[in-house]
Amino acid sequence: DLFDEPLRKAVFMNTRGTHYMLQLAATLKHLDLIAYVSTAYCHLHIKTLYEKPYDPPANPHHVMQACEWLSDDEVSTIEKKILGDIPNTYAYTKSLAEALVVEKFNELPAVILRPSIVIPIWKEPLPGWTDNINGPTGLLIGAGKGVIRTMYCNSSGYGDFLPVDIAVNGMLVASWRFLTTTDRSKVNRVAHMTSSNDIKVSWNEIIECGRWVIENKIPLNGVAWYPGGSMKSNYYLHVVCMVLFHWIPALFVDALLILLRYPPV
């Protein structure tokens, strides 16, 4: 999972990778802009996130050095203590990467862009297209194939969704704003690309919309069970349904596969 990579791998990918790109950018003599694509979920301890830099949870250079010195197992042992209240390695390492970009604000024409939950294309160039099953897309596919029957969730809650074509357009606009501003000392270096202030789509609305599409327009192939199930606000009811409709069917199918000498799934 993108959000739960081992800390050492996430640091190398998100934080050190950004560090290397900034080093490369510093060697370019005619650089007009370097735009770092962060995330609106990089500072989860902040209740209201404004378009400004925030202090990182740790010194990014020290964290990178520690991950270079230590092995995967050693970093894994202290991972929970390092993360503290931050729920995943993705948010942690993206906030460290932002700090590296902020360090270079006086040296490089750099900006930070914070999109929210990026989902498949809305309009351009092909509505609905995606190349991955991250985020709510994977949830809809799992439910559509009949595998996901219950989810412990506040159905009236919502995520901040951003179609990828809108995200790209936002990046272009933010870049244009920076490049066309005469006095760059006055332009905001941080831009948010989020939607929930204007458009709120609940989890229940997403599931019902996906259910309607699968039942009426484009049914999925390779379905394990007719699409059904629901979100549960009661944890104990969810656990009962998980045992009855997730675990027992999965064990039954795996037992059949083993008897037929196929690898279990």
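Given the structure is predicted, the values throughout are model-derived calculations rather than measurements.

Cut-offs applied
Residues numbered from 1 in each chain as written. Predicted model: local features only at pLDDT ≥ 70, side-chain atom pairs only at ≥ 80, totals over all residues. Heavy atoms only, no water. Helix = DSSP H or I, 4+ residues; strand = E, 2+ residues; numbered from the N terminus. Expected span 1.5 Å × (residues − 1). Buried < 20%, exposed > 50% of the residue type's maximum accessible area, 1.4 Å probe, protein only. Arc of directions from axis to C-beta. Contact = heavy atoms within 4.5 Å. Phe/Tyr/Trp six-rings, centres within 6.5 Å; stacked < 30°, edge-to-face > 60°. Pairing = 2+ DSSP bridges. Axes fitted to C-alpha atoms, helices over the stretch in contact; angles between N-to-C directions. Parallel < 35°, antiparallel > 145°, perpendicular 65-115°, else oblique. Left-handed = near helix turned anticlockwise from the far one by under 90°. Nonpolar A, V, L, I, M, F, W, Y, C, P; charged D, E, K, R; others polar. Patch = residues over 30% accessible without salt bridge, like charges linked within 9 Å, V, L, I, M, F, W, Y side chains within 5 Å. Areas by Shrake-Rupley, 256 points an atom, 1.4 Å probe, with all protein chains shown as cover. Salt bridge = Lys/Arg side-chain N within 4 Å of Asp/Glu carboxyl O. Core = buried A, V, L, I, M, F, W, Y, C linked by side-chain atoms within 4.5 Å.

S.K.: Help me get a handle on helix α8 (residues 203-216), residues and values and all.
M.R.: Owing to its 3.6 residues per turn, the α-helix brings residues three or four apart onto one side. Look at α8: 20 Å from first C-alpha to last across 14 residues, which is about the 20 Å you get at 1.5 Å a residue. Listing the buried residues of α8 in full gives I206, I207, G210 and I214. When α8 is viewed along its axis, its buried side chains cluster within an angular range of 95° and face the same direction. Those residues of α8 that are buried lie in contact with α6 (136-144), β5 (161-163) and β7 (230-232).

S.K.: Just give me the short version of the packing of aromatic side chains, but keep the residues and values in it.
M.R.: Aromatic ring pairs are described here by two measures, namely the spacing of the ring centres and the angle between the planes. Applying the stated criterion to the full structure yields four aromatic pairs. Arranged with centres 5.4 Å apart and planes meeting at 85°, the rings of F161 and W203 form a pair that is edge-to-face. Residue F161 is found in strand β5, and its partner W203 is found in helix α8; the two are separated by 42 residues along the sequence. Its relative accessible area of 10% is what places F161 among the buried residues. Site record: aromatic cluster; members linked through ring pairs are Y152, Y235 and Y236.

S.K.: Account for the pairing of strand β1 (residues 34-37), with residues named and values stated.
M.R.: Of the two faces of β1, the one holding I34 and Y36 is buried and the one holding A35 and V37 is not buried anywhere. With four bridges connecting them, β1 and strand β2 (residues 110-115) associate as parallel partners. Residue pairing across strands places I34 opposite A110, the latter belonging to β2.

S.K.: So what's going on with the packing of α6 against α8? Residues and values would help.
M.R.: For the pair α6 and α8, interaxial distance at closest approach is 10 Å and the crossing angle is 50°. In this view, α6 runs oblique relative to α8, as classed from their interaxial angle. Two packed elements cross with a definite hand, and for α6 against α8 that hand is right-handed. Residues P136, L139, L140 and G144 of α6 touch α8, and the partners they reach there are W203, I206, I207, G210 and I214. Its residues assigned to classes, the contact of α6 with α8 shows seven nonpolar, two polar and no charged.

S.K.: With reference to specific residues and values, describe a nonpolar patch on the surface.
M.R.: Together, W225, Y226, V240, L244, F245, W247, I248 and L251 give the surface a local cluster of nonpolar side chains, amounting to about 850 Å² of exposed area. With respect to the secondary-structure elements, I248 resides in helix α9 (residues 235-259).

S.K.: Quick rundown of the nonpolar core? Include the residues and the values.
M.R.: Formed by 23 residues in total, the largest nonpolar core has its most connected members in Y92 and V101. Those elements giving two or more residues to this core turn out to be α1 (7-26), β1, α2 (60-69), α5 (89-103) and β2. With six residues, α5 is the largest single contributor of residues to this core. Excluding anything up to four places from it in sequence, V101 contacts T18, L22, Y36, A110, V111 and I112. Membership of the second largest hydrophobic core comes to nine residues, among which are V111, L162, A174 and F178.

S.K.: Hey, could you go over the sheet that holds strand β6 (residues 190-193) for me, with residue numbers and the actual values?
M.R.: Spatially, β1-β2-β6 is the arrangement adopted by the three strands of the open sheet, whose pairing is parallel. Looking at which strands have only one partner, the edges of the open sheet turn out to be β1 and β6. If you compare each strand with its neighbour and ignore which way they point, the axes differ by 25° on average. Relative to β6, β2 runs parallel, the two sharing four bridges. Counted as the bridge partner of R114 is H192 from β6. Where helix α7 (residues 164-179) meets the sheet, it contacts β1, β2 and β6, and its direction lies at approximately 155° from that of β6.

S.K.: Give me the environment of H30: which residues, what numbers.
M.R.: Counting through the fold element by element, H30 comes out in the loop between α1 and β1. Among the residues examined, H30 registers a relative accessible area of 74% and is labelled exposed. Along the sequence, H30 and K94 sit 64 residues apart, while their C-alpha atoms lie 27 Å from each other.

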